[in-house]
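Here are the chains, one letter per residue:
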Amino acid sequence: MTLRENVPLASLTTLRVGGIARVVAECRNTEDVAEALAYARTHALPHVVLGEGSNVLASDTGYDGLVLLMRDESSAYDEHPGFVRVTLGAGYSWDRFVEDVAQRGLWGIENLAGIPGTVGAAPVQNIGAYGVEVESSIVSVSVLNAATGEYLSLPRAECAFGYRDSRFKRERELIILAVTFELQRTGTPHTHYADVARYEEAQGKLVTPLAIGQAVREIRSKKFPDLSLCGTAGSFFKNPTITVAEYEALRARYPELTGFPMATGVKVPLAFVLDRILSLRGYRIGPVRLFEQQPLVLVADIDSATSAAIDVLADDVAQRVHDAIGVAIEREVQTIPRK
Ligand code: NAP
């Protein structure tokens, strides 16, 4: 395990803001994680876990504790007649994994191509895109309970997966060490989302995981900003799920508003509200703006943006949505508190 002191969180997160973290531990395997937790206990420090930092907002005031940087990139393939089980360390790059299995012609996660972040972060918010959620390919998640020191292998049914949600969001003591996936040797393309269907219409049928993955990366690259040019965490807010009655009332005012039935109500595309109702494409306050190509995405100017400036814009946008349609929107991005 490598320990570093006084590390800027801005260098560890894709929004590229955040003050100094007191100690950062690079963990390349399970023993490193246990060692880092022992260090935190000895020094009475709280801890927080980071992968590539692609879905977090770190405070300008920094973090007065220990950051565990998950860097275990191990991988093991277990071949079976109809499927392959793959176990990956939490630090393995998510998109590299999507590409690896697509190259082998394996089905299951091709729609999740081009999402930044690590394998260990994927179950936390049950990443999903274009009609597929990662939970459907997960067999189990290996965790270390930082509170009890216990190692557990949690089968999918015990992960409490929901829409961009899992128990790992609430039970922060569970540190994800590795994830086991099952990918299929045969599969059916999920190309019904409008963007993918339009791509197929223009370019021809997508019939392999590799072709779908490439198409999705191309579609996403037009909607999400280049991480090398600006700070961003992708979609900053969740698409809200509202009641059927609320949806009907909104539809009466905005007939073009689409809605997608969920178990708990109707999911509405927030981008429509931000763009078509509030005209907030490119809306800027100081060094922070909503992305012109996809207003759900918040973009922070490199070097001049701060977490305070991000909070100002995000709170302003949430207030405008509430004033316009009476819906309280939630952040998808997780905050790293000072302590
Ligand atoms: P989009 O495809 O324009 O979709 C906007 C919203 O409408 C989403 O809530 C989406 O549901 C819903 N929707 C669209 N077509 C649907 C259909 N045929 N059936 C059911 N629901 C439908 O969204 P986008 O912003 O360009 O993003 C593309 C995809 O990447 C979306 O699936 C989005 O959710 C996903 N994404 C995921 C993350 C993440 O996991 N953290 C971050 C950014 C974007 P879904 O959200 O259920 O797809």
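Keep in mind that what you see is a predicted model, and the values were worked out from it rather than measured.

Definitions and limits used
Residue positions are counted from 1 within each chain, in the order its sequence is given. Totals for whole chains, interfaces and linings use all residues, but because this is a predicted model, local features are given only for residues with pLDDT of at least 70 and pairs of side-chain atoms are given and counted only at 80 or more. Each side-chain value is worked out from all heavy atoms of the structure, with water and hydrogens disregarded. Starting at the N terminus, helices and strands are each numbered in turn, a helix being any DSSP run of H or I of at least four residues and a strand any DSSP run of E of at least two. Each radius of gyration reported is based on C-alpha atoms, and the globular scaling rule is 2.2 Å times the count of residues to the power 0.38. Per-residue accessibility, obtained with a 1.4 Å probe over protein chains only, is compared with the maximum for each type, and a residue is labelled buried under 20%, exposed over 50%, and partly exposed between these values. Should any heavy atoms of two residues lie within 4.5 Å, those residues are counted as being in contact. Using a 1.4 Å probe, accessible areas were evaluated by the Shrake-Rupley method; residue-level cover was limited to the displayed protein chains. For this analysis, a salt bridge means a side-chain nitrogen from Lys or Arg found within 4 Å of a carboxyl oxygen belonging to Asp or Glu. Lines fitted to C-alpha atoms define the axes here, with helix axes fitted over just the stretch in contact, and angles between the N-to-C directions of these axes take values from 0 to 180 degrees. Each crossing is labelled by how the near helix is turned from the far one, with a counterclockwise turn of less than a right angle marking it left-handed and a clockwise turn marking it right-handed. Note on residue classes: Ala, Val, Leu, Ile, Met, Phe, Trp, Tyr, Cys and Pro are nonpolar, Asp, Glu, Lys and Arg are charged, and everything else, Gly too, is polar. Two strands pair under a simple rule: DSSP has to find at least two bridges between them. The near set for a molecule or strand comprises every residue that places at least one heavy atom within 4 Å of it. Under the rule applied, a polar contact is a pair of N or O atoms within 3.5 Å (in protein, one hydrogen donor and one hydrogen acceptor; residues adjacent in sequence only if both atoms are side-chain atoms).

Chemist: Honestly, the overall build of the protein chain in this entry has me stumped. Any pointers?
Modeler: Along the backbone of the protein chain there are eight helices and 20 strands. Taking 339 residues into account, the globule formula puts the C-alpha radius of gyration at 20 Å, and the protein chain, at 20 Å, falls close to it. For the protein chain, the C-alpha atoms occupy an extent of roughly 60 × 55 × 35 Å along the three principal directions. Counting over 339 residues, the protein chain shows a buried share of 50%. Partitioning the contacts of the protein chain with sequence separation of at least 6, the portion at a separation of at least 24 is 63%. In the form shown here, the protein chain has an accessible surface area of approximately 15100 Å², with 51% of it arising from carbon and sulfur atoms.

Chemist: Can you walk me through the pattern of salt bridges in this structure?
Modeler: Side chains that carry opposite charge are capable of pairing whenever their charged atoms lie near each other. Counted according to the given criterion, the structure contains 23 salt bridges. Close ionic contact of Glu79 with Arg185 constitutes a salt bridge, the shortest N to O distance being 2.8 Å. Of this pair, Glu79 sits in strand S6 (residues 75-79) while Arg185 sits in the loop between strand S12 (174-184) and helix H4 (194-203); the two residues are 106 residues apart in sequence, bridging distant segments of the chain. For Glu79, a relative accessible area of 45% puts it in the partly exposed group. Overlapping salt bridges, with partners in common, bring together Arg4, Glu26 and Arg28 in one network.

Chemist: Is there a simple way to explain the packing of H4 against helix H5 (residues 209-223) in this structure?
Modeler: The description of two packed helices rests on the angle between their axes and on the distance between the axes. In the contact formed by H4 and H5, the axes pass within 10 Å of each other and the chain directions differ by 115°. In this structure, H4 crosses over H5, and the sense of that crossing is right-handed. Contacts between H4 and H5 involve Asp195, Val196 and Tyr199 on the former and, on the latter, Ala215, Glu218, Ile219 and Lys223. A per-class count over the contact of H4 with H5 returns four nonpolar, no polar and three charged.

Chemist: So what exactly am I meant to see when it comes to the pairing of strand S3 (residues 47-50) here?
Modeler: For a regular strand, the rule is simple: side chains alternate between the two faces of the sheet. Burial along S3 is one-sided: the face carrying Val48 and Leu50 is buried and the face carrying His47 and Val49 is not. As defined by bridge partners, S3 adjoins strand S5 (residues 63-70) across four bridges and the pair is classed as parallel. Within S5, the residue paired with Val48 across the bridge is Val67.

Chemist: Just checking my understanding: could you explain the site of the ligand for this structure?
Modeler: Taken together, 18 residues are adjacent to the ligand, and Tyr163, Arg164, Lys267, Gln294 and Glu332 come closest. In this structure, Tyr130 approaches the ligand through a main-chain N or O atom, which is 2.9 Å from an oxygen atom. Side-chain polar atom of Tyr193 to an oxygen atom of the ligand: 2.8 Å apart, as the coordinates give it. Contact with the protein chains removes 83% of the 810 Å² of surface that the ligand exposes when unbound.

Chemist: What exactly am I supposed to notice about unusual backbone geometry here?
Modeler: It is generally the case that most residues other than glycine have a negative phi and that most peptide bonds are trans. For Asn126, which is not glycine, the phi torsion reads 45° and is therefore positive. Inspection of the secondary structure puts Asn126 in the loop between helix H2 (94-103) and strand S8 (128-129). Although it is not a glycine, Ala160 sits at a positive phi angle of roughly 50°. Turning to its location among the elements, Ala160 is positioned in the loop between strand S11 (151-155) and helix H3 (167-170). A relative accessible area of 42% means that Ala160 is categorised as partly exposed.

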